[in-house]
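# A closer look at the structure
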Amino acid sequence: MTTTGTTNGTSGTTTTADDAADERLRRWRLVLGGASADGTGRQLTGQDVAMDGALTALYGGGDTGTARKSAGNRSAGLGASAPSVARWLGDIRTYFPSSVVQVMQRDAIQRLGLSALLLEPEMLEAVEADVHLVGTLLSLNKAMPETTKETARAVVRKVVADIEKRLATRTRATLTGALDRSARINRPRHRDIDWDRTIRANLKNYLPEYGTVVPERLIGYGRASQSVKKEVVLCIDQSGSMAASVVYASVFGAVLASMRSISTRLVVFDTAVVDLTDQLDDPVDVLFGTQLGGGTDINRALAYCQSRITRPADTVVVLISDLYEGGIRDEMLKRVAAMKASGAQFVALLALSDEGAPAYDRDHAAALAALGAPAFACTPDLFPEVMAAAIEKRPLPIPDTATP
């Protein structure tokens, strides 16, 4: 046995090269499933056997009914039994970290058709709640029996509370600063002078012999009073592929609505348009007011939003959609152009989530970009900066990877 190795700085134990190789082999054995052709020859012991069983139940190919496992066959084994699924959910929480549990739950729902079991309160109490689970529950909302709805609301409320805790404070702080800076004044106190704008406004007064600009007019940041308001319209596509975006947008809508300096309207749409503004004090109510799935009519949704704009120069319209338009494309583009021409700021987000690059209609994204409204995917962490830039009417912080 090789005796050279590295010493663990915290425990003082030594890890040999053979130990590292055995650990890699163990991991490959768990991934490959132990069929005769997996090539590892590794036998599992102790807790690894139970972990392998949990993985087999989900990722084994073949029959999704009763669990079977032999040397040549690793098959899924959750079936349609609520008790067995509940036990499996408990097992994976025991053996895997939370982030892995959430992925396995999502895969179980997609691969083994377990959505119907989520309509049972006992199942909901057993799952690890996350944004994707909320999306699944919202898609099942209309089929959910009364006995399950309260449990489902509790699950959704927990996820919403976690998101709010992570994002609300920074969002309010970022947008409050943007509102202050958007109120420009021409007699600022020294600490409130916007030097960049002041210098640019006074370049004609440059004195080359002194190498300086003599400012005739000072431009400064005002301090926005509580009566000064910007209007924000969130227009959210509630087609099935936008589930995570709907969750995050509803939370952000509630946060914006809590700021007295911002008047917030929240509109969701598929082929119909629903205004949920009166429910913004509770994002859980907003979410249960949505209906994920169905078609998409962006033009109709934008027509409604456009009709509600009363102060275009102080309005930001945020369209959150993958742009797969089922309505009238040319009319949609004309509405965007009209809103921008009126002075409103228009922001097009292909997604508002942490899910990576979304699928979207590239032709429509390119058409919006040609109108001066580039469409890009936005993470929840970036959203406050995007909104702040729109409020201040400065270039949006578009990620480098966000190209139509």
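As shown above, the structure is provided for reference.
Bear in mind that the values here come from a model prediction, so they are computed numbers and not experimental data. (Residues numbered from 1 in each chain as written. Predicted model: local features only at pLDDT ≥ 70, side-chain atom pairs only at ≥ 80, totals over all residues. Heavy atoms only, no water.)

Here we take up the sheet that holds strand 13 (residues 345-352). Pairing in this open sheet of 6 strands is mixed, and the strands run 11-10-9-12-13-14 from one edge to the other. In this open sheet, the two strands that pair with only one neighbour each are strand 11 (273-275) and strand 14 (375-378). On average, each strand axis in the sheet is tilted by 25° relative to the strand beside it, whichever way the strands run. Direction of pairing for strand 9 (residues 230-237) relative to strand 10 (residues 262-269): parallel, over a ladder of 8 bridges. Bridge pairing links Asp 237 to Phe 269 in strand 10. (Pairing = 2+ DSSP bridges. Helix = DSSP H or I, 4+ residues; strand = E, 2+ residues; numbered from the N terminus. Axes fitted to C-alpha atoms, helices over the stretch in contact; angles between N-to-C directions.)

Our next topic: the nonpolar core. Counting 79 residues, the largest nonpolar core has Trp 88, Leu 137, Val 318 and Phe 383 as its most contacted members. Ranked by residues supplied to this core, first place goes to helix 7 (residues 146-182) with 10 residues. Contact partners of Val 318, with chain neighbours within four places excluded, come to Val 233, Leu 234, Cys 235, Val 347, Leu 349, Phe 383 and Met 387. Counting 25 residues, the second largest nonpolar core, distinct from the first, contains Val 233, Phe 269, Ile 309 and Leu 333. (Core = buried A, V, L, I, M, F, W, Y, C linked by side-chain atoms within 4.5 Å. Buried < 20%, exposed > 50% of the residue type's maximum accessible area, 1.4 Å probe, protein only. Contact = heavy atoms within 4.5 Å.)

Of note, Gly 293 is situated in the loop between helix 10 (283-288) and helix 11 (298-307). Not counting residues up to four positions away in its chain, the partners in contact with Gly 293 are Gln 238, Ser 239, Gly 240 and Asp 270.

The phi dihedral of Leu 323 is positive, around 70°, even though this residue is not glycine. Here Leu 323 is to be found in the loop between strand 12 (315-320) and helix 12 (329-341).

A word on the packing of aromatic side chains. In total, this model carries 1 aromatic pair according to the counting rule given. Summarising the aromatic geometry, the rings of Phe 252 and Phe 383 are spaced 4.6 Å apart at their centres and angled 45° between planes, so their arrangement reads as tilted. With Phe 252 in helix 9 (residues 243-257) and Phe 383 in helix 14 (residues 383-392), this residue pair connects regions lying 131 residues apart in the sequence. (Phe/Tyr/Trp six-rings, centres within 6.5 Å; stacked < 30°, edge-to-face > 60°.)

Turning our eyes to something else, we now look at the pattern of salt bridges. When charged atoms on two side chains of opposite charge get close, those side chains can pair. Evaluated as defined, the whole model comprises 20 salt bridges. Residue Arg 29 pairs with Asp 52 through a salt bridge whose shortest N-O separation is 3.2 Å. On the criterion of sequence distance, the pair formed by Arg 29 in helix 1 (residues 17-32) and Asp 52 in helix 2 (residues 47-59) is long-range, its members being 23 residues apart. Comparing Arg 29 with Asp 52, the two get one shared label, buried. Two residues, Arg 311 and Glu 231, come together in a salt bridge whose shortest N-O distance is 3.9 Å. Taken as a pair, Arg 311 in the loop between helix 11 and strand 12 and Glu 231 in strand 9 lie far apart in primary sequence, 80 residues in all. Taking the relative accessible area as the measure of exposure, Arg 311 reaches 32% and is therefore partly exposed. (Salt bridge = Lys/Arg side-chain N within 4 Å of Asp/Glu carboxyl O.)

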